[in-house]
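Understanding the architecture of this molecule
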2 protein chains.
Amino acid sequence: MSKCEQCIVREFSSLKALNKDELVKLAECKTSRLVKKGEIIFEEGENVNGIFCVKDGVCKLTKLSPNGKDHIVKLVTKGELLGQRSMISDEPVNLSAVALEDMQVCFIPKSEIMGFFDKNNQFSMNVMRTICGDLKEADSQMVNMAQKTVKERLAETLLYLQDTFGKNEDGSLKIQLTRDELASMIGTATESCIRLLSDFNKLGLIELKGKKITLKNIAQLKKMI
Amino acid sequence: MSKCEQCIVREFSSLKALNKDELVKLAECKTSRLVKKGEIIFEEGENVNGIFCVKDGVCKLTKLSPNGKDHIVKLVTKGELLGQRSMISDEPVNLSAVALEDMQVCFIPKSEIMGFFDKNNQFSMNVMRTICGDLKEADSQMVNMAQKTVKERLAETLLYLQDTFGKNEDGSLKIQLTRDELASMIGTATESCIRLLSDFNKLGLIELKGKKITLKNIAQLKKMI
DNA sequence: AGTAAAATATGATATATATCATAGAAATGA
DNA sequence: TCATTTCTATGATATATATCATATTTTACT
């Protein structure tokens, strides 16, 4: 069983507040797991009873709408935690988590984490701040969905993807989403998403090569938001 | 200065975890304030440096979209707290709060609340659970905005308003929103909102008398969601 | 009470976006 | 390597919703 002390998740997440003893305890009770691209980590309505640490890879958090379409609420990448909200509320998870790439995740049972809440105030505050950040972001997204056009949301999302996940040597977006997934992030029909990408391409804002997307005119894309 | 011990906010909010001593301290440092309908409690971008307890009345939390339209993110009513997210994140507020009715609110400075976080674990957990609830709700609203039609959102919002704020003796919704406000809750143009209300009226789902709205066919409204 | 301002209502029209249909390209698997 | 499925692309069309215009009603003000 690998140690938690040098783990990337520990560096970047709320877990950075844990001391050496706590980390040793953590390493003992955690379970590691490889998740293949496309695999489900947990599904809406499940009882998870713990949190996941994303050590490597990216996953999407989705919510099923009554119309049968999935909506991508958030992307979660290495260094982040998964399932905090549901653990604290003591409820089933309200979102599904599906790997977008091969992933490495660790699972920490609820009992262990709840102990940290009691004894380590800094840890509690870190978790609280993370969730507050998520809330602020969710409010902002809600307004985006309600008030912005699909075109604006597409531009914004493309910029976000490049900012957050970077680009390959050829300049294309590092993170590989299908058109369908991109559409379900911005909240539109797949065909509309494809059509707009095609428009952006013709306008020289982006370049499409197969499923690779390269942002060509960042300034103009920013102006569209 | 009135006591906090019997206050409605204390009964229903995270503050219920506070003990007698803490409540006495609270009563000493809080400031009370009457807010008239339409008055601004705080505005997006302000530094609030504390939280508000809503003792009476209802306010809307709004966010300005780049297109110049306000979007109502949430309604907050008596017994609830205001400004927790921003206080914890130690950031300016991301939403504006405007009274929809005459209100009575108390302000508690940040220093006081932060003390409770350190010493009272139950209080921390209560706040955390509240914010987690807000996050779950925000995620759900985000998906609603992205995936549901305006008609569905109107039906859902009307049911929500009756559930949450109740009805008058004549059966009409107790909370009085302008059509404009209703539109900015569901994320549509004012005219579209008015038109759909008119449609619902003709279908016998609701009844309109002046600006009063009475839900007539709850079952059918629920089916629409 | 009377007037100005705001809110509600409704029609006409424009526009964005969804849906349906079809075809080609790319990925996957035996 | 070929076949089957999934993904991308684009046209044609339908539909929901926004926008503009105007009238009526309600509210607020002095």
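Nothing here was measured: the structure is a model prediction, and the numbers come from that model.

**Overview of the protein's contact with DNA strand D**
Close to DNA strand D lie 16 residues, the nearest being A:Arg179, A:Ser198, B:Val150, B:Thr188 and B:Ser192. Close to the protein, within 4 Å, the atoms of DNA strand D are drawn from sugar and phosphate at a rate of 58%. A:Ser198 is positioned with one of its side-chain polar atoms (N or O) 2.6 Å from a phosphate oxygen of DNA strand D. Between DNA strand D and the protein, one listed contact pairs a phosphate oxygen with a side-chain N or O atom of B:Ser192 at 2.6 Å. Broken down by secondary-structure element, the contributors of at least two residues to the surface near DNA strand D are α7 (179-186) and α8 (190-202) of chain A together with α8 (190-202) of chain B. Residue contributions to the surface near DNA strand D peak at four residues, all from α8(A). Counted by class, the surface near DNA strand D contains three nonpolar, five polar and eight charged residues.

**Focus on the relation of the copies chain A and chain B**
The two copies are related by a screw motion: chain A maps onto chain B through a turn of 180° and a shift of 0.0 Å along the axis, at an RMSD of 0.0 Å. The superposition operator between the copies reduces to a two-fold rotation axis. Ranked by how close their C-alpha atoms come to the rotation axis, the residues of chain A are headed by A:Met142, at 2.1 Å. The overlap is high: 100% of the interface residues of chain A also sit at the interface in chain B, so the same surface is used on both sides.

**Thoughts on the packing of helix α6 (residues 150-165) of chain A against α7(A)**
All names here are of chain A. Orientation of α6 relative to α7, taken along the N-to-C sense of each, is 115°, at an axis distance of 9 Å. Between α6 and α7, the angle is such that the two are roughly perpendicular. In the crossing of α6 with α7, the sense of the turn from one axis to the other is right-handed. The residues of α7 that touch α6, namely those facing Val 150, Arg 153, Leu 154, Thr 157, Leu 158, Tyr 160 and Leu 161, are Leu 182, Met 185 and Ile 186. Of the residues assigned to the contact of α6 with α7, the class counts are eight nonpolar, one polar and one charged.

**So, the protein's contact with DNA strand C**
Lining the immediate environment of DNA strand C, one finds 16 residues, of which A:Val150, A:Thr188, A:Ser192, B:Arg179 and B:Ser198 sit closest. What you see for DNA strand C is that sugar and phosphate hold 58% of its atoms within 4 Å of the protein. A distance of 3.3 Å is found between a phosphate oxygen of DNA strand C and a backbone nitrogen or oxygen belonging to A:Ala189. Here a base nitrogen of DNA strand C sits 3.0 Å away from a polar atom, N or O, in the side chain of B:Arg195.

**Here's the deal with the sheet that holds strand β4 (residues 58-64) of chain A**
Sheets are built from strands paired through backbone hydrogen bonds, the pairs being either parallel or antiparallel. All names here are of chain A. Read from one edge of the open sheet, four strands run β2-β7-β4-β5, paired in antiparallel fashion. Every other strand in the sheet has two partners, leaving β2 (40-42) and β5 (70-77) as the edge strands with one partner each. Strand-to-strand twist in this sheet, taken as the mean axis angle between neighbours without regard to direction, amounts to 30°. Sheet topology note: the β4/strand β7 (residues 96-99) ladder contains four bridges and is antiparallel. Looking at β7, one finds that Leu 61 is bridged to Ala 97.

**Comments concerning the sheet that holds strand β5 (residues 70-77) of chain B**
Residue and element names in this part refer to chain B. Strand order in the open sheet formed by four strands is β2-β7-β4-β5, and the pairing between neighbours is antiparallel. Because the sheet does not close on itself, it has two edges, and the strands there are β2 (40-42) and β5. The mean inter-strand angle of the sheet, taken between neighbouring strand axes irrespective of direction, is 30°.

**Some words on the packing of aromatic side chains**
Tallied over the entire structure, the rule returns 10 aromatic pairs over all chains. Each ring, one from B:Phe116 and one from B:Phe123, has its centre 5.8 Å from the other, and the planes form 80°; the classification is edge-to-face. Here a set of aromatic residues connected by ring pairs shows up, and it is made of A:Phe42, A:Phe52 and A:Phe107.

**So, the nonpolar core**
A:Leu82 and B:Leu82 are the most contacted members of the largest nonpolar core, which totals 97 residues. In this structure B:Leu82 touches B:Ile41, B:Phe42, B:Ile51, B:Phe52, B:Val54, B:Cys59, B:Leu61, B:Val76 and B:Ala97, once residues within four positions along its chain are discounted.

**A few points about the UniProt feature "domain: Cyclic nucleotide-binding" (unreviewed entry) in chain A**
Per the UniProt annotation, the sites labelled "domain: Cyclic nucleotide-binding" (unreviewed entry) are residues 14-110 of chain A. Segment residues 14-110 of chain A splits into 18% helix and 44% strand. End C-alpha atoms: 15 Å apart.

**Examining unusual backbone geometry**
Trans peptide bonds make up most of the peptide bonds, and negative phi angles are found at most residues other than glycine. Residues and elements named next belong to chain B. Its identity as a non-glycine residue notwithstanding, Asn 49 has a phi of 60°, on the positive side. Mapped onto the secondary structure, Asn 49 falls in the loop between β2 and β3 (50-56). Given the relative accessible area of 48%, Asn 49 is considered partly exposed. One non-glycine residue, Asp 90, lies in the positive phi region at around 55°. Its place among the elements puts Asp 90 in the loop between α3 (84-89) and β7 (96-99).

Procedures and definitions
Residues numbered from 1 in each chain as written. Chains lettered and ligands numbered in written order. Predicted model: local features only at pLDDT ≥ 70, side-chain atom pairs only at ≥ 80, totals over all residues. Heavy atoms only, no water. Near = heavy atom within 4 Å. Polar contact = N/O pair within 3.5 Å; in protein donor to acceptor, adjacent residues only side chain to side chain. Helix = DSSP H or I, 4+ residues; strand = E, 2+ residues; numbered from the N terminus. Nonpolar A, V, L, I, M, F, W, Y, C, P; charged D, E, K, R; others polar. Least-squares fit on C-alpha atoms with pLDDT ≥ 70 in both. Contact = heavy atoms within 4.5 Å. Axes fitted to C-alpha atoms, helices over the stretch in contact; angles between N-to-C directions. Parallel < 35°, antiparallel > 145°, perpendicular 65-115°, else oblique. Left-handed = near helix turned anticlockwise from the far one by under 90°. Pairing = 2+ DSSP bridges. Phe/Tyr/Trp six-rings, centres within 6.5 Å; stacked < 30°, edge-to-face > 60°. Core = buried A, V, L, I, M, F, W, Y, C linked by side-chain atoms within 4.5 Å. Buried < 20%, exposed > 50% of the residue type's maximum accessible area, 1.4 Å probe, protein only. UniProt positions renumbered as here; feature names shortened; annotations may be inferred.

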